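# Survey of secondary and tertiary structure
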Amino acid sequence: MPAKILDGREIALKLGEHIQKEVVHLKQRFGQPLCLASLFIGENPATKLYITAQQKVASQMGIEFQLCHFPKNVTQKEILKLVDQLNKAPEVTGMILHFPLPEQIRRSEILRRVSPLKDVDGLTPENAGQVLLGHVRIGSCTAQAVMELIHATKINLRGKEAVIVGHSELVGKPVGLMLLEQLATVTTCHIATDERGILADHVRRAEILVVAVGKPGLIKGEWIRPGAVVIDVGISRVDGKVVGDVEYEKGEQRAGFITPVPGGVGPLTVMMLMRNVVKAYKFQRVKEA
Ligand code: NAD
């Protein structure tokens with residue numbers, strides 16, 4: 001039997017209704033708008049798509065949007081100056097910095113400078129550290145989207161074999177910690193796992209498989225364990241089409257649940273960003289969320 005499709009758009013829509021109402025309520029209560037600042041350096045087409053989606057969904061949610069776009073040769077000093085301004089600006093609720101960054105920009109110094117109360121991407125040391133402590137305050141949008149999709153299957157994660165492919169700070173690492181918190185047995189694979197030729201061995205064991213690499217077709221359909229939950233985070237463009245990391249047609253025949261690309265993790269990631277903006281707004285005012 002083919003897999004059940006985990007429709008990220010549908011889940012995002014439901015969550016969006018809730019967020020919209022909360023935004024109306026917060027604006028009435030505090031008399032101030034919510035505003036997301038999006039920092040974009042250079043011309044990456046994938047980032048442009050993400051920003052267009054942010055702008056659209058923010059407007060649907062009643063959240064203001066401010067794009068801060070810089071040319072590729074911007075300096076570290078200029079970015080830090082902007083971060084300082086945004087940290088201080090009372091009208092700005094939160095900021096997100098887009099990757100990849102040009103060579104001259106040092107990511108960790110910038111992330112250390114962003115106020116954790118305005119870090120709606122969950123990447124400052126404070127917010128990332130909270131995930132390690134098992135308490136997500138403002139967590140990575142993509143990792144939270146992955147967890148929402150897994151929860152939508154209603155599968156009890158306790159003791160399940162979870163395999164993550166990809167160990168980035170944005171996706172693989174926080175997803176691993178969040179799954180561990182649910183008492184899944186977590187294995188994280190990465191480039192060196194593949195170099196050793198044992199990626200397939202790990203993937204074959206996965207009852208929960210999360211793939212976040214960005215290499216189309218990396219995960220072969222025949223590696224998928226029958227009945228597995230497959231969350232494909234990867235986004236690549238092949239012959240003008242957006243595809244994930246998993247061989248979808250073959251994978252769909254074996255998995256129990258699978259996310260499509262596009263229409264799986266992506267739309268939910270944008271909605272998680274909006275949810276983080278709402279959380280940040282509340283943290284800044286009532287210190288609870
Ligand atoms: P990254 O480049 O920071 O990390 C890639 C990871 O893949 C690394 O851990 C690396 O070791 C691993 N890797 C590389 N080659 C591998 C191989 N052959 N076998 C096993 N592992 C390998 O990437 P990221 O920021 O985590 O993003 C990963 C993918 O997810 C990209 O395609 C990105 O566009 C996509 N993404 C999607 C969303 C979304 O909302 N859908 C959000 C963020 C990222």
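Residues numbered from 1 in each chain as written. Predicted model: local features only at pLDDT ≥ 70, side-chain atom pairs only at ≥ 80, totals over all residues. Heavy atoms only, no water.

## Quick notes on the side chain of glutamine 54
The criterion, for reference: Helix and strand assignments follow DSSP, with helices taken as H or I runs no shorter than four residues and strands as E runs no shorter than two, numbered in order from the N terminus. In what follows, a contact means two residues having at least one pair of non-hydrogen atoms within 4.5 Å.
Inspection of the secondary structure puts glutamine 54 in helix α2 (residues 45–61). The contact partners of glutamine 54, leaving out residues within four places of it in the chain, are Leu36, Ser38, Phe65, Ile96, His98, Val270, Leu273 and Met274.

## Comments concerning the packing of aromatic side chains
To keep things clear, this is the line we draw: Two rings from Phe, Tyr or Trp (for Trp, the six-membered ring) form a pair when their centres sit within 6.5 Å of each other. Planes less than 30 degrees apart are called stacked, planes more than 60 degrees apart edge-to-face, and all others tilted. The rule for a charge over a ring is simple: NZ of Lys or CZ of Arg within 6 Å of the ring centre, and within 35 degrees of the ring normal.
Under the defined criterion, the tally for this structure stands at 1 aromatic pair. Over the face of the ring belonging to phenylalanine 30 we find arginine 285, whose NZ or CZ atom lies 5.9 Å from the ring centre. In this arrangement the basic side chain of arginine 285 is found over the ring face of tyrosine 281, its NZ or CZ atom lying 3.7 Å from the centre.

## Digging into the state of the cysteines
Going by this rule: Put simply, a disulfide is two cysteine sulfurs that come within 2.5 Å. Three exposure classes are used, based on accessible area relative to the maximum for each residue type with a 1.4 Å probe and protein chains only: buried under 20%, partly exposed in between, and exposed over 50%.
Scanning all chains against the criterion turns up 0 disulfides. Take cysteine 35: it sits in no disulfide, and the sulfur closest to it among the cysteines is that of cysteine 68, at 8.6 Å. Residue cysteine 35 is classed as buried on the basis of its relative accessible area, which comes to 4%. No disulfide involves cysteine 141; its nearest neighbouring cysteine sulfur is the one of cysteine 35, lying 16 Å away. According to the relative accessible area criterion, cysteine 141 is buried, its value standing at 1%.

## A look at the domain arrangement of the chain
The following threshold applies: An automatic or database domain assignment supplies the residue ranges for each domain.
According to the domain assignment, the chain contains domain 1 (19–115) and domain 2 (141–266). Each of domain 1 and domain 2 has a C-alpha centre, and these two points are 28 Å apart.

## Some details on helix α7 (residues 172–181)
Of all the positions in α7, only Gly172, Pro174, Val175, Gly176, Met178 and Leu179 are classed as buried. If you follow the buried residues of α7, they end up packed against α5 (125–132), α6 (141–152), β5 (161–165), β6 (185–189) and β7 (208–211). One or two positions beyond α7, positive phi appears at leucine 183, with a value near 65 degrees.

## Focus on the site of the ligand
Spelled out, the test is: One heavy atom within 4 Å of a molecule or strand is enough for the residue carrying it to be called near that molecule or strand. Under the rule applied, a polar contact is a pair of N or O atoms within 3.5 Å (in protein, one hydrogen donor and one hydrogen acceptor; residues adjacent in sequence only if both atoms are side-chain atoms). With residues, only the protein chains shown are counted as cover, and all accessible areas are computed by Shrake-Rupley using a 1.4 Å probe.
Near the ligand, the surroundings consist of 22 residues, among which His167, Ser168, Asp194, Lys215 and Thr269 are the closest. The backbone of isoleucine 191 places a nitrogen or oxygen atom 3.1 Å from an oxygen atom of the ligand. Between the ligand and isoleucine 235 there is a distance of 3.0 Å, counted from an oxygen atom to a backbone nitrogen or oxygen. Burial of the ligand by the protein amounts to 75% of the accessible area it has alone, namely 870 Å². Contributing elements (two or more residues each) for the shell around the ligand: α8 (191–195) and α11 (265–286). Counting residues per element, the shell around the ligand draws most heavily on α11, which supplies 3 residues.

## Brief notes about the environment of valine 163
Among the structural elements, valine 163 can be located in strand β5. Among the residues examined, valine 163 registers a relative accessible area of 0% and is labelled buried. Sequence-distant contacts of valine 163, that is, excluding residues within four places in its chain, are made with Thr187, Cys189, His202, Ala206, Ile208, Leu209 and Val210.

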